[in-house]
Amino acid sequence: MEGFTNADRFNEYHLSADGEYLLFAVEAADGWGLRDIYVSRRTGPNSFGKPANLGKSINTAAVEMSPSLSPDGTTLYFASNGRAGYGGYDIYASKRLDDTWTKWTDPVNLGPQINTAGWEAYFSVSPDATVALFASSFQSNNFDLMEVALTPAPPEALTLFVHVADKSDGLPVQAKVVCLQIEDAGGNKVATEMNRQFGNNPEVLPGSRYMLAVEADGYFGVVHDLLIADTATTSAVLDIMLIPRKAGATFNLEEVYFKANTSTLLDSSFTALTEMEVFLLAHREVNIEIRGHTNGLCDESYCLSLSRKRAEAIAAYLLSRGIAPERLTTNGMGKSAPVADDSTPEGRQKNQRVEIVLLKVE
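Here the structure is a predicted model, which is why all the values come from computation and not from measurement.

1. A few points about the environment of Leu69
Tracing the sequence through the fold places Leu69 in strand 6 (residues 64-69). Separated by 48 residues in sequence, Leu69 and Tyr21 place their C-alpha atoms 9.9 Å apart.

2. Focus: the sheet that holds strand 8 (residues 90-95)
Two strands in a sheet stick together by hydrogen bonds in their backbones, pointing the same way (parallel) or opposite ways (antiparallel). Within the open sheet, the 4 strands sit side by side as 6-7-8-9. Their pairing is antiparallel. Two strands bound the open sheet, and with one partner strand each, they are strand 6 and strand 9 (108-109). Pairing geometry for strand 8 and strand 9, over 2 bridges, is antiparallel. Opposite Ala93, over in strand 9, you have Val108 as the bridge partner.

3. Thoughts on the packing of helix 1 (residues 270-282) against helix 2 (residues 300-320)
Where helix 1 meets helix 2, the axes come as close as 10 Å, and the angle between the chain directions of the two elements is 60°. Between helix 1 and helix 2, the crossing angle belongs to the class labelled oblique. In terms of crossing hand, the pair formed by helix 1 and helix 2 is right-handed. Each of Phe270, Leu273, Thr274, Met276, Glu277 and Leu280 in helix 1 lies in contact with helix 2, whose residues at this interface are Ile314, Tyr317 and Leu318. Each residue belonging to the contact of helix 1 with helix 2 can be placed in one class, and the counts come to 7 nonpolar, 1 polar and 1 charged.

4. Notes on the layout of surface pockets
The space that makes up the second largest pocket amounts to roughly 720 Å³. Lining of the second largest pocket is provided by 22 residues; of these, Lys167, Val222, His224, Met241 and Glu275 occupy positions nearest its centre. Elements with a contribution of two residues or more to the lining of the second largest pocket: strand 18 (222-227), strand 19 (235-242) and helix 1. Top element by residues in the lining of the second largest pocket is helix 1. It accounts for 7 residues. Composition of the lining of the second largest pocket by domain shows at least three residues from each of domain 2 (158-244) and domain 3 (249-360).

5. Focus: the packing of aromatic side chains
Evaluation of the coordinates by the stated rule reveals 13 aromatic pairs. Here the aromatic rings of Phe270 and Tyr317 are separated by 5.3 Å at their centres, their planes lie at 50°, and the arrangement is tilted. Taken as a pair, Phe270 in helix 1 and Tyr317 in helix 2 lie far apart in primary sequence, 47 residues in all. The exposure class assigned to Phe270 is partly exposed, which follows from its relative accessible area of 26%. Residue classification places Tyr317 among the buried residues on the basis of a relative accessible area of 16%. Among the aromatic residues, ring-to-ring pairing joins Phe4, Tyr13, Phe24 and Tyr38 into one connected group. Its end group placed over the ring of Tyr92, Arg83 keeps NZ or CZ at 5.7 Å from the ring centre. The ring of Trp101 has Arg96 sitting right over it, with the charged end atom 4.2 Å from the ring centre.

6. Concerning the sheet that holds strand 12 (residues 144-149)
Pairing in this open sheet of 3 strands is antiparallel, and the strands run 10-11-12 from one edge to the other. Looking at strand neighbours, the two that pair on one side only are strand 10 (120-125) and strand 12, the edges of this open sheet. In this sheet, neighbouring strand axes are inclined to one another by 25° on average, regardless of whether the strands run parallel or antiparallel.

7. Focus: the state of the cysteines
Scanning the entire structure with this criterion turns up 1 disulfide. A sulfur-sulfur separation of 1.6 Å characterises the disulfide bridge that pairs Cys298 with Cys303. The S-S bond linking Cys298 to Cys303 shows a torsion near 100°; that makes this disulfide right-handed. Per residue, the accessibility class of Cys298 equals that of Cys303, and both read buried.

About the thresholds
- Residues numbered from 1 in each chain as written.
- Predicted model: local features only at pLDDT ≥ 70, side-chain atom pairs only at ≥ 80, totals over all residues.
- Heavy atoms only, no water.
- Helix = DSSP H or I, 4+ residues; strand = E, 2+ residues; numbered from the N terminus.
- Pairing = 2+ DSSP bridges.
- Axes fitted to C-alpha atoms, helices over the stretch in contact; angles between N-to-C directions.
- Parallel < 35°, antiparallel > 145°, perpendicular 65-115°, else oblique.
- Left-handed = near helix turned anticlockwise from the far one by under 90°.
- Contact = heavy atoms within 4.5 Å.
- Nonpolar A, V, L, I, M, F, W, Y, C, P; charged D, E, K, R; others polar.
- 1 Å grid on protein atoms, 1.4 Å probe; cavity = no way out; pocket = protein on both sides within 12 Å on 5 of 7 lines; lining within 4 Å.
- Points joined across faces, edges and corners; volume = space filled by probe spheres on them.
- Domains from an automatic or database assignment.
- Phe/Tyr/Trp six-rings, centres within 6.5 Å; stacked < 30°, edge-to-face > 60°.
- Buried < 20%, exposed > 50% of the residue type's maximum accessible area, 1.4 Å probe, protein only.
- Lys NZ or Arg CZ within 6 Å of the ring centre and 35° of its normal.
- Disulfide = S-S within 2.5 Å.

So this is what it looks like as structure tokens:
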């Protein structure tokens with residue numbers, strides 16, 4: 001190891017779970033105290049780079065020793081006699097804030113469940129993070145090996161930014177948003193009355209399920225069942241598109257796909273079709289027109305025929321799901337109403353679309 005020195009007769013070492021970092025406690029000339037904790041990164045199969053002091057957030061003028069890392073490499077455990085504690089040496093924990101290994105949260109004493117009036121050190125977490133072992137002198141004149149069960153820390157809440165827009169033109173909509181937690185991360189039911197939040201920025205917990213209700217004047221309301229994914233970020237964004245409650249409102253039926261040059265729906269279309277089905281079942285007063293469009297790379301008669309057949313294919317699916325035929329009208333527009341430049345692949349993709357027009361809303 002490049003630049004390794006130790007003026008103390010004692011030392012301790014810990015290799016990170018991924019084998020890339022070696023932590024150790026030694027007395028060196030550039031230290032903050034009698035013994036400091038350092039880190040060295042692996043540079044080869046049998047070599048490590050120049051040690052770096054973890055800094056004064058961790059090290060004091062006294063002794064820091066017995067460093068170890070959590071299995072995920074983000075939490076440092078160590079013993080120190082340089083801080084106010086319960087005994088001679090106490091065990092502390094600190095979170096690493098970045099990859100420099102010099103920025104840490106303020107160390108937290110693990111408390112009287114671990115630390116006593118005696119001497120505690122060598123805290124080591126099992127690979128599955130369910131138990132930890134440590135050494136303690138409290139129950140004898142020597143050091144005993146102790147085991148403690150670890151309770152998983154509750155997940156940190158993240159902010160869910162709910163962006164609500166008009167489905168026909170994409171403009172923002174001032175909406176009422178209600179978020180209710182219905183299950184926790186363990187799948188346990190939650191009393192929703194105690195977990196109701198209002199507003200566009202609710203705090204949600206990773207792994208939990210929520211019902212999100214969105215309403216706005218002049219629009220059809222929606223309810224979403226959300227499972228919040230585990231994430232390393234502190235926020236997430238959810239885009240909600242509301243359908244205007246007015247005759248003539250027109251919007252694209254997104255994510256509906258056909259086999260090339262046919263009216264055969266691909267399996268990837270059925271999520272969007274199911275959403276349309278649910279909307280029509282929930283709002284039986286609504287009648288719609290289904291308009292098919294193509295790009296311009298075909299002759300007019302073929303484009304008209306293909307766009308009509310595609311609209312009819314969507315209507316046939318909705319009819320098969322119990323939507324009354326008098327509520328559905330189809331129309332093939334061919335290439336007569338482009339919305340983008342047909343000279344580019346992106347433009348042709350936008351032109352080849354299916355639109356929904358609300359004919360009756362009351």
